[in-house]
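Per-entry structural report
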Amino acid sequence: MTDVVLEVEELSATYRGVVAVEGLTLNVPAGRIVTVIGPNGAGKTTLLNAVMGVLPARGVVRFRGEAIGRLDVEARVRRGISLVPETRELFATLGVEDNLRLGFWRHRGAGAAAMRRALDEVYALFPRLRERRSQAAGTLSGGERQMLAMGRALMARPSLLMLDEPSLGLAPLIVRDIFRAIAALRDTGVAILLVEQNARAALQVAEYGYVLETGRIALQGASAMLAADPRVIETYLGVG
Amino acid sequence: MNSVDPTIFLILLQDGIVNGAIYALLALSLVLVFAVTRVVLIPQGEFVAYGALTYATLGAGRVPGSVFLLCALGIAACGYGFWAERRTLDLSATLRLLGETILLPAAVLVLTLWLAPQRAGIAVEAFLALLIVAPMAPYLYRIAFQPMAEASVLVLLIAAVGVHLAMVGLGLVFFGPEGSRGDAFSGATYTLGALTVPGQALWIVGATLLIMAALALFFGLTLRGKALRATAVNRLGARLVGIPTAQSGRLAFALAGCIGALSGVLIAPLTTVYYDSGFLIGLKGFVAAIVGGLVSYPAALVAALAVGIGESFSSFYASAFKEVIVFGAIVPVLLARSLLAAPEAEEE
């Protein structure tokens, strides 16, 4: 019953004139977490931006069987793709709840009750956001910002959620909370494409992983297998 | 300086507040447009002049040429819309585009041809002038700015200057070189102690307050208003939640067009407006907007009042230097801003 939500074939993209991703092929099945690990500058962020349509790309991107390579970002959001970028891109001067409400833009015709339900679900996942609901997003701590960025993306009720370095710059305890939330999301049926430098945490939560090096896939396999691979251990997990 | 006659002082103050209200409206729309689209809306003054002259022409029982410009801009915007969105256009988007760019100006044209010769009354004519001038702004956004929405502020500014020059030239074609005045909304005058307040002044101040309240409600309470603010705060963030930034840009331009045209209709009875009067009026709104760094609404409002009052007093005491004083005041403001503010890197 593993229907594939996202199929990427022979994707190539440039970032600031440099080829950052080349001939990349990967799949994300429904209800699974797929992680892409790799060093800084390997092209992980470019990959996500190309799938989202923020950056132009060559190759095939299919979402639930539909080729979406020519659609703009807004149309991809409407299809059910959400990206939480590394830079979060929150609406700093707007309140926390307003940020979340705007995440519901895709469904704005669905009515106030539906929005309330979506808000309550996000608050259940991140109770901290409920406490901060009327605070301006720009005044939040790093961890709260990440929660808000994820919450805002979830308000769109995506079938594919792409997370770019969700653990970046966060304290270990908060990283644990974030990853717990990611696992909980997967269990609700959302397909998740997770880009991480924190390879250990990523391989723990994901079912399948790709190792990206200088724009190409160097290794791929089930997470448990990758975590046991001597090359991955040496380069990304360290001795331990 | 000699002591100031209190009556003269009050009259000047009143004039200043009325002018300041108009500048405040313009400053507000300039800040809004810049925040959402990064366009410095130089042609804002032309919407004022077009609004005033269209209203005056309708008042004379003639069909204003601007209504044909509206139709031409609508058709051009439609053509561009189809070309730009050819890949993503579905049925509802096509119908919306046709309604916005073809049906609306056609309806306005029919309405104008029907109502203009029969002098339908001041309220109808004012509303019609708004309908003719305001939609030009979003069409211009589609044609001139949307194709290069990601360009630098400077490139967008140059495009804005181009639109301004084109509109001034077309204004001469449509309205001729001689100025006109429109009919006052209210001929009444009210006496307040030594002060005589014309009804039109109350209309201006009242309309300004009403528009500000409406804008505050729109931005504070509605999801669409918040989406506009979100686009202004973080363009990429807005795209990532699916808010179409081009649509936000058109909405910002539409609001600016409404405000500009309405300002024109409001001042038409007070002053003679020529086809090129708009630039100077718009520039004063711009001075006020600059004081707030093109981002702060409250600073722009206060500055607009200061510009209006400063203009009114300097026209009394040193009328030859009126514009010099008003525009000279911007120099220390810019100096202070650039000295106090940390240098901001322009977004790429």
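Residues numbered from 1 in each chain as written. Chains lettered and ligands numbered in written order. Predicted model: local features only at pLDDT ≥ 70, side-chain atom pairs only at ≥ 80, totals over all residues. Heavy atoms only, no water.

1. Quick look at the domain arrangement of chain A
Residue and element names in this part refer to chain A. The domain boundaries assigned to chain A delineate domain 1 (4-80 + 158-237) and domain 2 (91-156). On a C-alpha basis, the centroid separation for the pair domain 1 and domain 2 is 23 Å. Contact with domain 1, which involves 15 residues of that partner, is made by 11 residues of domain 2. Interface area for domain 1 against domain 2, summed over the two sides, is near 1,100 Å², with a carbon-plus-sulfur share of 81%. Together, P158, I178 and L185 form the three largest contributors to the area buried by domain 1 at its contact with domain 2, with a combined 34%. The interface formed by domain 1 and domain 2 contains zero salt bridges. Across the contact surface, domain 1 and domain 2 share two residue pairs in polar contact (both at pLDDT 80 or more). Secondary-structure elements contributing two or more residues to the side of domain 1 that touches domain 2 are α2 (73-79), β7 (160-164) and α7 (172-187). With six residues, the top contributor of residues to the side of domain 1 that touches domain 2 is α7. (Domains from an automatic or database assignment. Contact = heavy atoms within 4.5 Å. Buried area = accessible area lost by both parts, 1.4 Å probe. Salt bridge = Lys/Arg side-chain N within 4 Å of Asp/Glu carboxyl O. Polar contact = N/O pair within 3.5 Å; in protein donor to acceptor, adjacent residues only side chain to side chain. Helix = DSSP H or I, 4+ residues; strand = E, 2+ residues; numbered from the N terminus.)

2. A word on the environment of V205(A)
All names here are of chain A. Among the secondary structure elements, V205 is positioned in helix α8 (residues 199-205). Given the relative accessible area of 12%, V205 is considered buried. Separated by 80 residues in sequence, V205 and L125 place their C-alpha atoms 17 Å apart. (Buried < 20%, exposed > 50% of the residue type's maximum accessible area, 1.4 Å probe, protein only.)

3. Some thoughts on unusual backbone geometry
Residues and elements named next belong to chain A. Located in the positive-phi region is R16, a residue other than glycine, with phi close to 50°. You can see R16 is positioned in the loop between β1 (4-15) and β2 (18-29). One non-glycine residue, R64, adopts positive backbone phi at about 50°. With respect to the helices and strands, R64 occurs in the loop between β4 (57-63) and β5 (66-67).

4. Concerning the interface of chain A and chain B
In this complex, chain A contributes 25 residues to the contact, which on the side of chain B involves 21 residues. Interface of chain A and chain B: buried area, both sides summed, is about 2,200 Å²; carbon and sulfur atoms make up 64% of it. Among the residues of chain A in contact with chain B, E74(A), F91(A) and W105(A) are the three that bury the most area, contributing 29% of the side total. Scanning the region where chain A abuts chain B turns up two salt bridges. Taking the shortest distance from any N to any O, the salt bridge between D98(A) and K226(B) comes out at 2.8 Å. Our enumeration of links across chain A and chain B arrives at four residue pairs in polar contact (both at pLDDT 80 or more). For the side of chain A that touches chain B, the secondary-structure elements that each account for two or more residues are α2 and α3 (96-103) of chain A. Here the side of chain A that touches chain B takes four residues from α3(A), the largest share from any one element.

5. A few points about helix α10 (residues 230-237) of chain A
All names here are of chain A. Listed in full, the buried residues belonging to α10 are V232, Y236 and L237. Along the long axis of α10, the arc covered by the buried residues comes to 70°, so they all point the same way. Seen from the buried face of α10, the exposed residues on the opposite side, beyond 90 degrees, are P230, R231, E234 and T235. By the N-cap criterion, in which a side-chain oxygen at the helix start approaches the backbone nitrogen of a residue two or three places on, α10 is capped by D229, the distance to R231 being 2.8 Å. (Arc of directions from axis to C-beta.)

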